[in-house]
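Tertiary structure, described
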Amino acid sequence: MTAIAEATRTRPRRVRSVSPMSRTGAFAVMALFAVYTLVPVWWLLVTATKNKGYLFTTSPLWFSHFDLWGNIRDVFAQEDGVFGRWMLNSLIYCVGGATVSTVLSAMAGYALAKFSFRGRELAFNIILGAVLVPAVMFALPLYLMFSEIHLVNTYWSVLLPSIVSPFGVYLSRVYAAASVPDELLEAGRIDGASEGRIFWRVAMPIMAPALVTVFLYQFVAIWNNYLLPVLMLNSDTLQPVTVGLANWRQRLTEGIPYNITITGAFLSVFPLVVAFLLLQRFWRSGLAAGSVK
Amino acid sequence: MAITAAPADRLARPPAGSPPPRGTGRRRTRSALLFLAPFGLVFVTMMVAPIGYALYQSFFRVERSGLGLAAPTNAFAGAANYLAALRDSEFMASFGRVLLIGVVQVPLMLGIALLLALLLDARFAAFKRTFRMIYFLPYALPGVIAAIMWSFLYQPSISPFTAAFKHFGLDVDFLSGDLVLGSIGNMMTWGYTGFNMLIIYSALQAIPGELTEAAGLDGCGWWRIVWHVKIPAVRPALILTAVFSIIGTAQLYNDPEILHQVAPTVSSSYTPIMAAQQSAAINNYNYAATQSIILAVLTFVLSFGFLKLTQRKGAQT
């Protein structure tokens, strides 16, 4: 994220010039990998717009018989509009999980950066150790535990594990240590503000732009976590869009048409791209705020 | 995210720049713990407890007596589950597969990521911003959705690639037993090269301009600057991406799981996590717990071992 803005910085020019041949060679390598990256996504885009009767008879990488709206209508009509429900579920899991997780991470990171107490380093090291263990590792043990206490197949079974983000705590601690001045907190204390008030009114606004990164990171992580919801949820009215679509993909042979799954996959990518674009503005301002210091 | 690149070398020590605040009264400690408590509570219940529960479960087995009329009882099994897992050839084979992918795909992917990052960082590159955005695009696609997309792209009846190869007289089935492991490796390379590239790239951007400039004035060509200045400077970022990739490969699930649904060559216990899930699906919870613990321990040993190994090597040079 930061790299995107960082990269816009111009670098000092070097003295030596480069031969046109290596320039061309470099461009060729970069272009080749760009094509490799783009072709599958291009295929998805093109195929999502094709009329279902012409999926296999027309050139796979070029538009033909445009019928995107028809396909979208089909996606939302399939199985009484369950697709809309899936999208809504995904949004609930991601927004709910990422919001709570960001607040918890900010509080914990702030405490670890701005207070000294016994066991602080130990707590931080344990959290750091947990960063190295991927979320997927916890999914199956969580499932075993949740089925013991009959929590499986509820919204909570996916939401609760989603609100913990050790990486978010790590980032929050780095940000809090770097950007929240001790003097400001001291001033607040002298003015008689409570610690909670100082956190919400002083520390949070300073950390806010950076916390967008924490939020986004967790949002993407939840949207991408497939194993957890696939284990926890049986009922398809609770499933996020990833699980639902994988299910449709599997039932191709049972008559879920190609165009529906492909267009559904195309549609499910949208919210994430929008989230990326919307939040990019905040990353920029976050960087600007950091550079003033 | 890219921001992890800069603090990579800080993993070992607490972030600098914040001297512990003065006046550590009891009131302060109490409010610090209050700030930590909500996260701590969720951390313990959602991360520590499940692992503890799985560990506990892995030492037990369900015993059904007689005709299964009486309620099954939990009996202590000692290391029996672990020994069974070690003798389970399917489970061991799943480790072999991820290991093979890890040994071949991870270096390949990181090599490409490093090359692209170096080219993007080079002064003579054109359309940098466009290329950077394109490379990062797969990361914006949810892993499962990308896997579904590739599953169509591999399916012989509709794959544009199969059709293209056929045009040249080649009959390629990406889902055949010989190729399917490579196909999965390709899905991972496609999905994560850009992400790794961005981490390495932001580390490259942090190299002081004077350093490369001085080397340039001394008559170093691009390659020598890359080899002697840039690559050593981004070592921490390379280690970070390697550790992330090792962890990612060990927990490989989405891609083979989606392919499993459409290709008979990908078994239901293709990777360790799939094997554990399979055990849970047939209600063998104790064995599923055992498999999860083995996988978690091995992943931790591998990534931590790699981190330690590279750190020691770095200290020597």
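Residues numbered from 1 in each chain as written. Chains lettered and ligands numbered in written order. Predicted model: local features only at pLDDT ≥ 70, side-chain atom pairs only at ≥ 80, totals over all residues.

Looking only at helices and strands, chain B features 13 helices and two strands. The buried share of chain B, reckoned over its 317 residues, is 44%. Pairs at least 24 apart in sequence give 70% of the contacts found in chain B among residues at least 6 apart. (Helix = DSSP H or I, 4+ residues; strand = E, 2+ residues; numbered from the N terminus. Buried ≥ 20, exposed ≤ 12 C-beta atoms within 10 Å, placed from the backbone. Contact = placed C-beta atoms within 7 Å.)

Turning our attention to the overall build of chain A. Tallying secondary structure elements over chain A gives 13 helices and zero strands in all. Element order for chain A, N to C, with α for helix and β for strand: α-α-α-α-α-α-α-α-α-α-α-α-α. Taking the contacts inside chain A whose residues are at least 6 apart along the sequence as the reference set, 74% of them involve residues at least 24 apart.

Close inspection of predicted coordinates is inappropriate for parts of the model with low pLDDT. Residue and element names in this part refer to chain A. The predicted model of chain A has a mean per-residue pLDDT of 83, with 88% of residues at 70 or higher. Low pLDDT, under 50, characterises residues 1-15; the stretch is placed with 33 contacts to residues that sit more than four places away or in other chains. In the model, residues 284-293 has pLDDT below 50 throughout and makes 10 contacts with residues more than four positions away in sequence or in other chains. (pLDDT = per-residue confidence, 0-100.)

Residue and element names in this part refer to chain B. Summing up the model confidence of chain B, the mean pLDDT is 84 and the portion of residues at 70 or higher is 89%. Between residues 1-24, whose pLDDT stays under 50, and residues either more than four places distant or in other chains, the model counts 48 contacts. Here the prediction assigns the complex a pTM of 0.83, and the interface score ipTM is 0.81.

Our next topic: helix H7 (residues 180-205) of chain B. Residue and element names in this part refer to chain B. In a regular helix each residue adds 1.5 Å, so 26 residues correspond to 38 Å; H7 covers 37 Å between its end C-alpha atoms and thus fits that length. Along its length, H7 reaches its greatest deviation from straightness, about 40 degrees, at Tyr 192. Of all 26 residues in H7, 22 are buried; the element is thus mostly enclosed. (Expected span 1.5 Å × (residues − 1). Bend = angle between axes of the 7 residues up to and from the residue.)

The next subject is unusual backbone geometry. Residue and element names in this part refer to chain A. The phi angle at Glu 79 is positive, at roughly 50 degrees, despite the residue not being glycine. On the secondary structure map, Glu 79 appears in the loop between helix H3 (68-77) and helix H4 (82-114). One non-glycine residue, Asp 80, lies in positive phi territory at about 55 degrees. Looking at where Asp 80 falls in the secondary structure, it is placed in the loop between H3 and H4.

Moving on, we come to the domain arrangement of chain A. Residue and element names in this part refer to chain A. When cut into domains, chain A gives domain 1 (19-70) and domain 2 (75-292). Centre-to-centre separation of domain 1 and domain 2, based on C-alpha positions: 32 Å. Facing the six residues of domain 1 at the interface are seven residues of domain 2. Of the residues that constitute the side of domain 1 that touches domain 2, the class distribution is four nonpolar, one polar and one charged. (Domains from an automatic or database assignment. Nonpolar A, V, L, I, M, F, W, Y, C, P; charged D, E, K, R; others polar.)

With that settled, the discussion passes to the packing of helix H3 (residues 89-121) of chain B against helix H10 (residues 235-250) of chain B. Residues and elements named next belong to chain B. Their axes nearest at 10 Å, the elements H3 and H10 cross at an angle of 145 degrees. Of the two elements, H3 crosses H10, and the hand of that crossing is right-handed. Counted together, Val 98, Ile 101, Gly 102, Val 106, Met 109, Leu 110, Ala 113 and Leu 114 of H3 and Leu 238, Thr 241, Ala 242, Ser 245, Ile 246, Thr 249 and Ala 250 of H10 form the full contact between these two elements. Here the contact of H3 with H10 is built from residues that sort into 11 nonpolar, four polar and no charged. (Axes fitted to C-alpha atoms, helices over the stretch in contact; angles between N-to-C directions. Left-handed = near helix turned anticlockwise from the far one by under 90°.)

What follows deals with the nonpolar core. If you look at the biggest cluster of nonpolar residues, it comprises 167 residues, and the most contacted ones within it are Ala 117 and Ile 200 of chain B. Summarising the domain contributions, this core has at least three residues from each of domain 1 (19-70) and domain 2 (75-292) of chain A. (Core = buried A, V, L, I, M, F, W, Y, C linked by C-beta atoms within 7 Å.)

Structurally, the α-helix is built with 3.6 residues per turn, so residues lying three or four positions apart point the same way. Residues and elements named next belong to chain A. With 29 residues, helix H2 (residues 20-48) should cover 42 Å at 1.5 Å per step; its first-to-last C-alpha distance of 41 Å lies within 8% of that length. Helix geometry: H2 is bent most strongly at Leu 38, by close to 35 degrees, with proline Pro 40 lying one to four residues after it. Taken residue by residue, H2 has Ala 26, Met 30, Phe 33, Thr 37, Pro 40, Trp 43, Leu 44, Val 46, Thr 47 and Ala 48 as its buried positions.

Turning our attention to the interface of chain B and chain A. Contacts between the two partners involve 90 residues from chain B, matched on the other side by 89 residues from chain A. Here the side of chain B that touches chain A gets 18 residues from one element, more than from any other, and that element is helix H1 (residues 26-57) of chain B.

Now for the environment of Met 207 of chain A. Residue and element names in this part refer to chain A. Note on placement: Met 207 falls in helix H10 (residues 195-224). Sequence separation between Met 207 and Val 164 is 43 residues, and the spatial gap between their C-alpha atoms is 19 Å. Beyond its immediate sequence surroundings of up to four residues, Met 207 is in contact with Ala 106, Ser 172, Tyr 175, Ala 176, Ser 179 and Val 180.

Residue and element names in this part refer to chain B. Their axes nearest at 7 Å, the elements H3 and H7 cross at an angle of 40 degrees. Viewed along their axes, H3 and H7 adopt a mutual orientation that is oblique. Note that H3 runs across H7; the crossing there is right-handed. In the contact of H3 with H7, the residues fall into 20 nonpolar, six polar and two charged. (Parallel < 35°, antiparallel > 145°, perpendicular 65-115°, else oblique.)

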